[in-house]
Amino acid sequence: MLDSLRPQVLSILNEESESVDTRLGKICELLKSNVPYYDWVGFYFKNGDKQELKLGPYAGAPTDHTIIPFGKGICGQVAVSNQNFVVPDVSAQDNYIACSITVKAEIVVPLFVNGENVGQIDIDSNTPDPFTEADERFLEFINQEVAKIL
Ligand code: SME
């Protein structure tokens, strides 16, 4: 199912008349509306030269967490670890920033441009333990393709 979305991801990213933010927003909507266990999908990016993340395009409920310091929450940890972070049960995490009480699980995959961690894609799920390696490979693919238009 995830892999069947790859052509649509590429087609959205190729819409060169649209801004980068518009294209990223469309990717978020595509994922949220086609993957049943993706309930919130967003991109965070490093905020200039500050040691913090800033929320970019997203699909799903608005969040108060538009700025996240490096090291804080799942997102902030990925900003410093440079590694995928799959959380099957958010209630088992000490360093977690709750966006909604309905969220049960989260996956964050870093986005690299020329080897530098410049941001990440973040997915929240209301389904417990839904993410597999297929999600990691799919989200890595998306970030690699997004990196080409940044
Ligand atoms: N849960 C994240 C914060 C971002 S929201 O999920 C949109 C975290 O712990 O970093």
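Reading the values: rules and limits
- Residues numbered from 1 in each chain as written.
- Predicted model: local features only at pLDDT ≥ 70, side-chain atom pairs only at ≥ 80, totals over all residues.
- Heavy atoms only, no water.
- Helix = DSSP H or I, 4+ residues; strand = E, 2+ residues; numbered from the N terminus.
- Buried < 20%, exposed > 50% of the residue type's maximum accessible area, 1.4 Å probe, protein only.
- Areas by Shrake-Rupley, 256 points an atom, 1.4 Å probe, with all protein chains shown as cover.
- Core = buried A, V, L, I, M, F, W, Y, C linked by side-chain atoms within 4.5 Å.
- Contact = heavy atoms within 4.5 Å.

Naming follows an unreviewed UniProt entry, where the chain appears as GAF domain-containing protein of Flagellimonas taeanensis.

Undergrad: Mind showing me how you'd approach the overall build of the chain here?
TA: What the chain contains, in helices and strands, is four helices and six strands. Taken along the three principal axes of its C-alpha coordinates, the chain extends 40 × 35 × 25 Å. Looking at the chain as a whole, 47% of its 150 residues qualify as buried. Carbon together with sulfur atoms contributes 48% to the accessible area of the chain, which is approximately 7,400 Å² in total.

Undergrad: Any chance you could explain the nonpolar core here in plain terms?
TA: As a rule of thumb, nonpolar side chains are buried together in soluble globular proteins. In this structure, Leu31, Tyr38, Phe43, Leu139 and Ile142 are the most contacted members of the largest nonpolar core, which totals 31 residues. Contributions of two or more residues to this core are made by α1 (6-13), α2 (20-34), β1 (40-46), β5 (105-113), β6 (116-125) and α4 (133-147). Per element, the largest residue contribution to this core is six residues, and it comes from α4. Among all residues touching leucine 31, those that are not within four sequence positions of it are Leu5, Tyr38, Val41, Ile121, Ile123, Phe138, Leu139 and Ile142.

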